[in-house]
Structures are given as C-alpha cells and as structure tokens.
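Examining the three-dimensional arrangement
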Amino acid sequence: NHETGTVKIYFFPFLGGGHQIPMIDTARVFAKHGATSTILTTPSCAAQFQNSITRDQKSNLPITIYTLTLPENTQLPDTDMSAGPMIDTSILLEPLKLLLLQHRPDCIVVDIFHRWAGDVTDELKVPMIVFNGDGCFPRCVFENMRKHVVFENLSSDSEPFLVPGLPDRVEMTRSQVPSFRRNKSEFVDRIKQIEEKGLGIVINSFYDLEPVYADYIRNELGKKTWLVGPVSLCNRSVEDKKERGKQPTIDEQSCLNWLNSKKPNSVLYISFGSAACLPMKQLKEIAYGLEASDQPFIWVVGKILNSSKSDSEIWALDEFEKRMKEMDKGLIFRGWAPQLLILEHDAVGGFMTHCGWNSTLECVCAGVPMITWPLSAEQFVNEKLVTDVLRIGVQVGSREWGFCDAERKELVGREKVEFAVKKLMVESEEVEEMRRRVKSISEDAKRAVEEGGSSYGDIDALIQELKILQTGKDV
Ligand code: UDP
C-alpha cells in the first residue's frame, strides 16, 4: 500500500446491531474516499453484511472482510447484542494480534466496546482510532455530569437537575442516567482508557447538527475528532438500504406498495432498534394507544419478553395484527424492517423511536420528526438533543433508564401513547414548525457528506493525516 500511496485502514466493529451497522458504512465511506478498507469480524457477523460488501467490490470499491477465527472450543454470544456493550470480546485478542503482526495496517479503527484492543495496538505500535457509536452531545453531557453532578445530593431519582456547563438548558433526572454512570465504574474507566490510547475519535455525526458540542469536544476534551457522518447516506441502492444486516420479515416491495397507498406525512413508523425487546404488557399499551389515535402505522415488533404469567394472560398480538390489516390501518413487522426505505418514503410523517443514535440520525436525514421513547444506553440524552436542543420531536414520557429485560419495570400507558401520536401526527402550527426544522437539518446532512461538505472534508483530512504518518514511518 505504501507504493501505491493509498492508506490501509482496518475497521473492527462491535458484534451485531447498532454498532456494527454504522462501522460497516464508515468503512465503505473511507473506501469511497480512496482508502483501502478491511473489516475485521467474526464469521457469523460477516454473514450479515457479506452481500453488500460483495456489491461494493463489484463496483471496484477497495473493501474486504477479514474473518477472525475464534480459538478452538470458544464462542461468542449471539450477534443480537442483547447483552449489549457488557459482552466481553477479549477471546478475539490473540487472532487480532496475529493479524496485526502479519499485515500491519496504517491505522485500525476500533469500536470502543472492544475495551481490551488498546493494549494490543499499543504493544504492536499500530495507530488506533476509537469509534464510539454515539454523537457529540452525549459526550459533553456525560463529561459535565462526571465533573460536576453529585448524584448523592439529589433527594430522589426523579428530582430534575440542570446539566451544568452546556450552552442549552438541559434537565435530567438520576433515573435517566445510565446506572454505570451514577457511580464510579470499571466499565467507564475502561472505555476512557481505550480512548486515551487512541490518536483520536471518529464520530458518526456532522458539524451543523451539533456545532457547539463538536467544538466543545475538540477544544476541551483534548482529543482529535473527525465527524464523518451521517454514514448511512452512503447507501444509495435499494438493496443496500433494505438489508442492513438482516432480511426484512415482510418483503420491501409489499411494504412500499402499502406506503404508496397512503397520503404524504400520514404514517407513523415505530421501532425500538436492533435489540428491541419489550414485555407483552407494554406492547399491548402501544397497540391500544395506536388504535385509539387512529393514525396509519408501521410497527416493528422485535423479540417479545415473556416476563410473567400476567402479561400473557389476555392479549393476543396476532389478533391485533389481523384486525389492523383488515382495516388497512397498520403493518406489523415481526422482526427486521427496511428502516431506511421506510423513513425515506413520503407517506411517513413521524417516527416513534427509542432514540438509538443511528435511528435518530437516519430520521434526521429523512427529514421526519420524532416521538421519543428512550429506554437505555445514552438514549435519554439523545432524547434531550432531539426535543430540547433541535426541537424536532415530542416526548412520550418515558422516565426510567433500564435494559429491556425482566427487570424493566416502567410501563408507558396507552393514554400517553395516544396523546403523543396525536400531537405529532395531527397537523398543527407546532408540528409544521418541527417539520420545517427537521427538513432543513436533513438538507444540512446531505451537504455535509458531499464534496465541499464538513464530513467530506474530515474524512479526507484523516486520510491525509494517516498518509503523513505513513511517510514518517517509512523514512
Ligand atoms: N434497523 C433496521 N431494521 C430494524 C431495526 C433496526 O434496519 O428493523 C437498523 C436501523 O436502521 C439502525 C440500526 O438498526 O441503523 C439500529 O441502531 P440504533 O442506534 O438506532 O439502535 P440500537 O439497535 O443500537 O439500539
């Protein structure tokens, strides 16, 4: 690669779901800018995006997949990320080390949840950059909380406090803060460590979306930062937009035909992300709330949590699905939906979302306002960005941080669901304003990734920096 003057970048995504998708797109974006991208992953994850990479290769994009072989008699949990960032991937340490020794890349971009990887890149002196699936805003919020907020001084979990040090007025409660950020935690220390070992951070966001927060990171956190997104915009073909790792459970053409029969901005899309998993009693409240709101919808029901007998007692999702189909009111995906295609359709006028960062960005790119229903990770902070800073969404009123498991106690009632759906989907001056705002941000997003745009420039700047590093190494 040195002879040809290209830079060779390895990308090491976390396993599955909402971290894998944007990292694959990032690898493709860098290949489009002339870098040689290699995606390091496990065989089962590779199978999820092999098709799209093969298509890229056919159009001569310099991108490949390298599968790390797991040591004998070892295995990793399934790739649905249901246990999320807590999964320990360190059994990949030896295979990674071997690969880096044999083929030294100019740089490796590592997902922050491979917390051990910084030790390997340090030892082998391979330049490393961290990829952390969220935006600039959460980083500023958490950093200021870490420095200034003393959680013990709050009288209760529901007492609001003002996040200090931010230019915008952002109030949160302790119950909305990830449990591992309320006290000192090893997990947070470890991700801080890998960040410190890196040359800098690649972020899937764009400058005009959160300029003040991007500046804050650049100036105050003392790390080089490249804003390279929204990377989902690199998906141009219907095939790329529909797959995203899994096959839709209703074929995309039937879904698009159904949307074609609906009026512009009339359909609400509902999804809680790649690891969506809610208890039956919560699904029931959503269903009744939707029906009462009388708005057409597409709802992605992921895995269902059968937590207790009382949940499964009376309610049948199948019947609801059948009734909605007969009334031509709603389409239900029992698994994966072609989210990018749905959001971009003119008939879709709102997205009820858990505020995962990818969903939030994809929605912004499509110019669609949101109903925010955060559950875990940094989603409550993303909600604040959407509703308080960008003012392009309404809150459903979820208050408690927690992974989607049997421990999840909070139930958002049907009245709240109905209220939020009507508020967003029935036209009003306020909603008109939101639509105008989000449309304008979506234009900014598209400009950012085009030649002359801020993300386009950041990608080229990073490649240039690696070239200089490469030359220095050769002298
Ligand atoms: N996604 C999809 N179809 C689905 C569910 C999710 O294409 O049925 C994609 C979605 O477009 C996004 C990603 O999966 O790119 C979810 O990432 P996000 O950060 O929103 O949430 P997470 O899955 O990490 O909770």
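Residues numbered from 1 in each chain as written. Predicted model: local features only at pLDDT ≥ 70, side-chain atom pairs only at ≥ 80, totals over all residues.

1. Quick notes on the site of the ligand
Which entries qualify depends on this criterion: By definition, a residue lies near a molecule or strand provided its backbone-derived C-beta atom is within 6 Å of it. To qualify as a helix, a DSSP run of H or I must reach at least 4 residues; to qualify as a strand, a run of E must reach at least 2; elements of each kind are numbered from the N terminus. Only Asp, Glu, Lys and Arg are considered charged in this grouping, and only Ala, Val, Leu, Ile, Met, Phe, Trp, Tyr, Cys and Pro are considered nonpolar; every other residue, Gly among them, is considered polar.
Surveying the vicinity of the ligand reveals 18 residues, the closest of which are G18, G273, S274, G356 and S359. The set of elements that each furnish at least two residues to the shell around the ligand consists of helix 1 (17-32), helix 13 (339-344) and helix 14 (357-366). Element by element, the count of residues in the shell around the ligand is highest for helix 14, at four residues. For the shell around the ligand, a count of residues per class yields seven nonpolar, nine polar and two charged.

2. Let's talk about the confidence of the model for the protein
Using the following cut-off: Predictor confidence is given residue by residue as pLDDT, running from a minimum of 0 to a maximum of 100.
The pLDDT averaged across the protein works out to 91; a share of 94% of its residues lies at or above 70. The ipTM value of the predicted complex is 1.00, and its pTM value is 0.95.

3. Looking at the UniProt feature "coiled-coil region" (unreviewed entry) in the protein
To be explicit about the condition: UniProt positions are given in the numbering used here, feature names are shortened, and annotations may be inferred rather than shown by experiment.
UniProt feature "coiled-coil region" (unreviewed entry): in the numbering of this structure it lies at residues 424-451. Note that residues 424-451 is 82% helix and 0% strand, and that its end C-alpha atoms are spaced 35 Å apart.

4. Let's talk about the environment of D388
Using the following cut-off: The exposure scheme places C-beta atoms from the backbone and then counts, for each residue, the other C-beta atoms within 10 Å of its own, assigning buried at 20 or more, exposed at 12 or fewer, and partly exposed in between. Think of it this way: build a C-beta for each residue from its backbone, and any pair within 7 Å is a contact.
Residue placement: D388 occurs in helix 15 (residues 379-389). Take D388: there are 14 C-beta atoms within 10 Å of it, and that puts it in the partly exposed class. For D388 and R169, which are 219 residues apart along the polypeptide, the C-alpha to C-alpha distance reads 7.7 Å. In this structure, D388 is in contact with D168 and V170, ignoring residues within four places of it in sequence.

5. Observations concerning the packing of helix 10 (residues 280-293) against helix 16 (residues 414-425)
Stated precisely, the cut-off is as follows: In this analysis an axis means a line fitted to C-alpha atoms, helices contributing only their contacting stretch, and an angle means the value between N-to-C directions, from 0 to 180 degrees. When an angle is under 35 degrees it counts as roughly parallel; over 145 it counts as roughly antiparallel; between 65 and 115 it counts as roughly perpendicular; any other value is oblique. Note: crossing handedness is left-handed where the near helix turns anticlockwise from the far helix by less than a right angle, and right-handed where it turns clockwise.
The contact between helix 10 and helix 16 brings their axes to 8 Å, and the two run at 45°. Relative to helix 16, the element helix 10 lies oblique. Remark: the crossing between helix 10 and helix 16 carries right-handed chirality. For the pair formed by helix 10 and helix 16, the contact residues are E285, I286, Y288, G289, L290, A292 and S293 on the first element and R414, V417, E418, V421 and K422 on the second.

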